[in-house]
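Geometric and topological summary
The lines below spell out each chain.
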Amino acid sequence: MQTPPLGRVLVVDDDPTVAEVVAGYLDRAGYDVDRAADGPAALDRADAHGPDLVVLDLMLPGMDGIEVCRRLRARGPVPVIMLTARGDEDERILGLEVGADDYVTKPFSPRELVLRVESVLRRARAATAPKPVGPLRAATLTVDPAARRAAKAGVELALTIREFDLLAFFLRHPGRAFSREELMQQVWGWDFGDLSTVTVHVRRLRGKIEDDPAAPRLIQTVWGVGYRLDPGPGPRGDATRSDRAPEVSQLDLAPDVLRADRTPDVPRPDRAPADWTRPRA
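Presented here is an overview of the structure given in this document. (Residues numbered from 1 in each chain as written. Predicted model: local features only at pLDDT ≥ 70, side-chain atom pairs only at ≥ 80, totals over all residues. Heavy atoms only, no water.)

Some points on the overall build of the chain
Applicable threshold: Numbering of helices and strands starts at the N terminus; helices are DSSP runs of H or I of at least 4 residues and strands are runs of E of at least 2. For every residue, the accessible area (1.4 Å probe, protein chains only) is compared with the maximum for its type, and the residue is labelled buried under 20%, exposed over 50%, or partly exposed between those bounds. Residue contacts are counted whenever heavy atoms from the two residues lie within 4.5 Å of one another. Throughout, the Shrake-Rupley method with a 1.4 Å probe supplies accessible areas, and for residues the shown protein chains are the sole cover considered.
Looking only at helices and strands, the chain features 9 helices and 12 strands. When each of the 281 residues of the chain is scored for burial, the buried share is 51%. For the chain, long-range pairs separated by at least 24 residues make up 61% of all intrachain contacts whose partners lie at least 6 apart in sequence. Carbon together with sulfur atoms contributes 52% to the accessible area of the chain, which is approximately 13000 Å² in total.

As structure tokens, then:
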């Protein structure tokens, strides 16, 4: 009896060698794989076949990966993993900001990419599974995990899958400070990865739930530790140092976030067999 596929993955890359090798590894891992070589074709394939996840190259001809990701997320909550060149720090951050769930930096190990696909899909499916949990509330925020809905002062919030999970996690643990490593493990389900992923998602979430994202009063930066949800901030005149912390803190300016020439903090299971995964000049 044939085993059903683990899920449908759309691989979008204009380099046929990269696309073929990535598709081959995913196919052997048990996924049903579709391919597209440019942005318009990717959007057409996504509409026609409804992938469970998209592996999307950032540098595509014509419509780049950022725009493709933005349009995909506008159509539905499909998880996206970006493929980026090693030095594209700004582009990588922008990809996360428009809704990408993860990224893999070239050159990369195809086996590592398969593990990332498994992790993102597992988390996305767990997020949509029904849970007998009542609404969570803090200040003017209300989060209903079962319905996957969040609102601020009665107005529904447009959150990505990961933003919703992050907010729900904070609301389940009000007043407790978490490091970025703890958030990556608890919310993303990863034991490794680039911590700037957490930083970017916190910044995006603040932009949607804070009255003034530049002076956040709900999600606080805890200096030298990480982040904490304060469900009932006091009057502005009584604000603590963390209440007045600017959007970009010492934590947010950590070297592993700023240095574009630094290899992300991800173990390499092996080296790429050839130069097929290296960014094109």
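Notes on unusual backbone geometry
Residues Lys106 and Pro107 are joined by a peptide bond in cis, for which omega reads -5°. By the secondary structure assignment, Pro107 is in the loop between strand S5 (102-106) and helix H5 (110-128). Of note, Ala153 is a non-glycine position whose phi angle comes to about 50°, a positive value. Tracing the backbone through its elements, the reader meets Ala153 in the loop between strand S8 (149-152) and strand S9 (155-156).

Observations regarding the pairing of strand S3 (residues 53-57)
To keep things clear, this is the line we draw: A strand pair is defined by DSSP finding two or more bridges across the two strands.
For S3, a buried count of 5 out of 5 residues is recorded, marking the element as mostly surrounded by other parts of the structure. The pairing of strand S1 (residues 8-12) with S3 spans 4 bridges and is classified as parallel. Across the sheet, Val9 pairs through a bridge with Leu53, a residue of S3. Two elements, S3 and strand S4 (residues 80-85), share 4 bridges in a ladder whose sense is parallel. Its bridge partner lying in S4, Val54 is registered against Val80.

Examining the sheet that holds strand S12 (residues 226-229)
Going by this rule: Working convention: axes come from line fits to C-alpha atoms, limited for helices to the stretch in contact. Angles between N-to-C directions cover 0 to 180 degrees.
Across the sheet, which stays open at both edges, the 3 strands sit in the order S10-S12-S11 with antiparallel pairing between neighbours. The open sheet terminates on both sides in strands that have one partner only, identified here as strand S10 (177-179) and strand S11 (219-222). Neighbouring strand axes in the sheet, compared pairwise and without regard to direction, differ in orientation by 30° on average. Sheet topology places S11 next to S12; 4 bridges connect them, and they run antiparallel. The partner of Thr221 across the bridge, within S12, is Tyr227.

A closer look at helix H6 (residues 161-172)
To keep things clear, this is the line we draw: Helices are assigned an expected span. That span is 1.5 Å times one less than the residue count.
The first and last C-alpha atoms of H6 sit 17 Å apart over 12 residues, in line with the 16 Å expected at 1.5 Å per residue. Summarising burial for H6: 11 of the 12 residues are buried, a large majority. Considered for burial, the residues of H6 that qualify are Ile161, Arg162, Glu163, Phe164, Asp165, Leu166, Leu167, Ala168, Phe169, Phe170 and Leu171.

A closer look at the nonpolar core
Quick note on the threshold: In this description, a nonpolar core means a group of buried Ala, Val, Leu, Ile, Met, Phe, Trp, Tyr and Cys residues linked to one another through side-chain atoms lying within 4.5 Å.
With 47 residues, the main nonpolar core has Leu113, Val117, Leu167 and Leu183 as its most contacted residues. Here this core takes 7 residues from H6, the largest share from any one element. Excluding its chain neighbours within four sequence positions, the residues that come into contact with Val117 are Val9, Leu26, Tyr31, Leu53, Val55 and Ile81. If you look at the next biggest cluster of nonpolar residues, it comprises 24 residues, including Val54, Val80, Met82 and Val200.

Quick look at the layout of surface pockets
The condition that has to hold: In this analysis a 1.4 Å probe is tested at points of a 1 Å grid over the protein atoms alone, and where it fits but cannot get out there is a cavity; an open set with protein on both sides within 12 Å along at least five of seven lines is a pocket; lining residues have an atom within 4 Å of a point. Grid points are joined across faces, edges and corners, and a volume is the space filled by probe spheres set on the points. Ten residue types, Ala, Val, Leu, Ile, Met, Phe, Trp, Tyr, Cys and Pro, are classed as nonpolar, four, Asp, Glu, Lys and Arg, as charged, and the remainder, Gly among them, as polar.
Roughly 470 Å³ of volume is contained in the largest pocket. Taken together, 22 residues form the lining of the largest pocket, with Arg73, Pro77, Leu159, Thr160 and Ile161 sitting closest to its centre. Those elements that provide at least two residues to the lining of the largest pocket are H5, S8, H6 and helix H8 (196-209). Examining the composition of the lining of the largest pocket, we find that 5 residues originate from one element, H5, more than from any other. Residue classes in the lining of the largest pocket are distributed as 11 nonpolar, 3 polar and 8 charged.

So, the sheet that holds S3
Taking strand neighbours across the sheet as the criterion, the 5 strands line up as S2-S1-S3-S4-S5 in an open arrangement whose pairing is parallel. Every other strand in the sheet has two partners, leaving strand S2 (32-36) and S5 as the edge strands with one partner each. The mean inter-strand angle of the sheet, taken between neighbouring strand axes irrespective of direction, is 20°. Contacting S1 and S2, helix H1 (residues 16-28) runs over the sheet at an angle of about 170° to S2. Where helix H3 (residues 65-75) meets the sheet, it contacts S3 and S4, and its direction lies at approximately 175° from that of S4.

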